[in-house]
Amino acid sequence: MAIVPAVSAAKAADPVVFMEGGPGGDAFGSIPFLIGAGVNRDHDLIVMAQRGTLHSQPSLACPEIDRFSAAAVGSVYDAPSTGRRLVRAATECRDRLTASGVELSAYNTTENAADFADLRAALGIGRWNVYGYSYGTELALTYLRLHPEGVRSVAIDSVVPPQVVSLPWTWDSAREGIGAIFAACAAQPLCANRYPNLSRTLTEQVRRLEAHPLRLTARPPAGGDPVRVVLDGGALVNLLVANAVKAVDVPAALDELAHGNPERFARAQAAGATPVVGEVAHGLTQSVACSEWVPGHSESDLLQAGRRAFPGWPDTVLAQAPQLPFEHDVCRAWNVPDRTAVQRVATRSDVPTLLVSGTFDAKTGASWGAYTARTLSRSTTVLIPGIGHWVVPQSPCAADVLTSFLARPTAPDTSCVAGLAPAPFTITPEPETT
């Protein structure tokens, strides 16, 4: 763990403890973003590597999955052969970890929350504030439910409600986030005139690419040699959900794709060819997902949720949860106990809570903030227009709201939100006609 001192000489007595997303993300890697957003302006900031993650012992890194991911950019995203290679990589990782004595069932959100309770006791902190994003919001809500003592306030950013998170849930979030981008374009006259009917364009491109995947080479955005990539319908959707193409560029990218120029999406796909091996603890990802998110919903449930979200898309696309393809198959190999009965529980609390969501978030849809707030009696819900996943580092207004909340948890200043609007979308010249 690390303590980042407060910038202010007159710092508050109660620190902020940060809960990383993922599950499996590197918490220390987030420190520059937290400092940049001013989270440690008036409070010491405490950052701990969650169990199994980078810098933790043992580490549940899966280089086998990293190597699969690097190669998969050149494969059809949702092809059965791609799924078999992913399952093989996960199985190899699981076998290696268990052979070394790792008990995979011990890597879950309940134990993760208990680690933070132990940390507060070990540091002798009477009261602290909790800030988490993405999976860190589910962890923070679980922590608040099981260990409310000593919690002054909780801020959660890009909200994952423990009671509903599942594979079908991902399609609801995808529909909301992508739909919000399209609605924002329609509300800007320049964008609306240049890129009409974006929803129809997306459906046409998903169907076209799924039937006839593009095979091409592209240079990764970070540089390096060009790599072979495949763009099929599933890959296109996954790139949109991952915000791999900036939201302001999405209408232009889709229009270019429809007119035979896939460059923006191809470069975004190529970025996946160079993962930092070992940075993400895929073992924690799978232990949490396979015990808490996947059980209780069948593959048919997932497909039906996809059909409701995006009617007319191919079933081969809708059968795979965005960001979590072939997860039912992976979980059969990962083989950890079902924990949904103890984890899929709403948090009810009167601890002051701030819920921050970005309207363009296609991973954790913005409406889940208000949904989660229903059982948090002293909560403030904030929607930031035009921002995607993990809002505070991307929005000065959201950062100011968080600072205000930490100073006055029951009466944060949210006035800056009223003047916000999505940034103007990228407008490219009309393609020439012959």
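Refer to the structure printed above.
Residues numbered from 1 in each chain as written. Predicted model: local features only at pLDDT ≥ 70, side-chain atom pairs only at ≥ 80, totals over all residues. Heavy atoms only, no water.

Undergrad: Just checking my understanding: could you explain the overall build of the chain for this structure?
TA: Of the regular secondary structure elements, the chain holds 18 helices and 9 strands. Radius of gyration (C-alpha) of the chain: 21 Å, near the 22 Å computed for a compact globule of 434 residues. Structurally, the chain occupies a C-alpha span of about 70 × 55 × 40 Å along its principal axes. In the chain, which comprises 434 residues, the share counted as buried stands at 58%. Carbon and sulfur atoms make up 54% of the accessible area of the chain, which totals about 17500 Å². Between the mean site of the 34 positive side-chain charges and the mean site of the 41 negative ones, the chain shows a separation of 2 Å. (Helix = DSSP H or I, 4+ residues; strand = E, 2+ residues; numbered from the N terminus. Rg over C-alpha atoms; globule rule 2.2 N^0.38 Å. Buried < 20%, exposed > 50% of the residue type's maximum accessible area, 1.4 Å probe, protein only. Areas by Shrake-Rupley, 256 points an atom, 1.4 Å probe, with all protein chains shown as cover. Lys, Arg positive; Asp, Glu negative; His and termini not counted. Charge placed at Lys NZ, Arg CZ, Asp CG, Glu CD.)

Undergrad: Even after reading the chapter, I still don't get the pairing of strand S9 (residues 379-384), so can you show me in this structure?
TA: Where a strand is regular, its side chains alternate between the two sheet faces. Of the two faces of S9, the one holding Thr380, Val382 and Ile384 is buried and the one holding Ser379, Thr381 and Leu383 is not buried anywhere. Note that strand S8 (residues 353-358) and S9 share 6 bridges and pair parallel. Looking across to S9, one finds that Thr353 is bridged to Ser379. Following the chain from S8 across helix H17 (residues 367-373) to the adjacent parallel S9, one finds a crossover that is right-handed. (Pairing = 2+ DSSP bridges. Right-handed = clockwise from strand over helix to strand, strands pointing away.)

Undergrad: So what exactly am I meant to see when it comes to the sheet that holds S9 here?
TA: Across a sheet, paired strands are connected by hydrogen bonds in the backbone, their directions being either parallel or antiparallel. Judged by pairing direction, the sheet is mixed, and its 7 strands sit side by side in the order S1-S3-S2-S4-S5-S8-S9 without closing on themselves. Of all the strands in the sheet, just strand S1 (2-4) and S9 have a single pairing partner and so form its edges. Strand after strand, the sheet turns through a mean of 20° between neighbouring axes, direction not considered. Bridge count between strand S4 (residues 128-133) and strand S5 (residues 151-157): 6 bridges; the pairing is parallel. The residue of S5 that forms the bridge with Trp128 is Val151. (Axes fitted to C-alpha atoms, helices over the stretch in contact; angles between N-to-C directions.)

Undergrad: I would appreciate a short explanation of a nonpolar patch on the surface in the present structure.
TA: Together, Met1, Ile3 and Leu123 make up an exposed nonpolar region whose accessible area comes to about 260 Å². Tracing the backbone shows Ile3 in strand S1. (Patch = residues over 30% accessible without salt bridge, like charges linked within 9 Å, V, L, I, M, F, W, Y side chains within 5 Å. Salt bridge = Lys/Arg side-chain N within 4 Å of Asp/Glu carboxyl O.)

Undergrad: Just to check I follow, could you spell out the side chain of Asp44 for this structure?
TA: Within the secondary structure layout, Asp44 lies in the loop between helix H1 (31-36) and strand S3 (45-47). In terms of polar contacts, Asp44 uses its side chain to reach the backbone amide nitrogen of Ala6, at 2.8 Å. Reaching out from Asp44, the side chain makes a polar contact with the side chain of Lys11 at a distance of 2.7 Å. (Polar contact = N/O pair within 3.5 Å; in protein donor to acceptor, adjacent residues only side chain to side chain.)

Undergrad: What am I meant to see in the packing of helix H9 (residues 233-241) against helix H11 (residues 263-270) here?
TA: Any two packed helices are characterised by how steeply their axes cross, that is the angle between the axes, and by the distance between the axes. Closest axis-to-axis distance for the H9/H11 pair is 10 Å, and the angle between their directions is 80°. When the axes of H9 and H11 are compared, the pair comes out roughly perpendicular. Between H9 and H11, the contacting residues are Ala235, Leu236, Leu239 and Leu240 on the first element and Phe265, Ala268 and Gln269 on the second. Grouping the amino acids of the contact of H9 with H11 by side-chain chemistry returns 6 nonpolar, 1 polar and no charged. (Parallel < 35°, antiparallel > 145°, perpendicular 65-115°, else oblique. Contact = heavy atoms within 4.5 Å. Nonpolar A, V, L, I, M, F, W, Y, C, P; charged D, E, K, R; others polar.)

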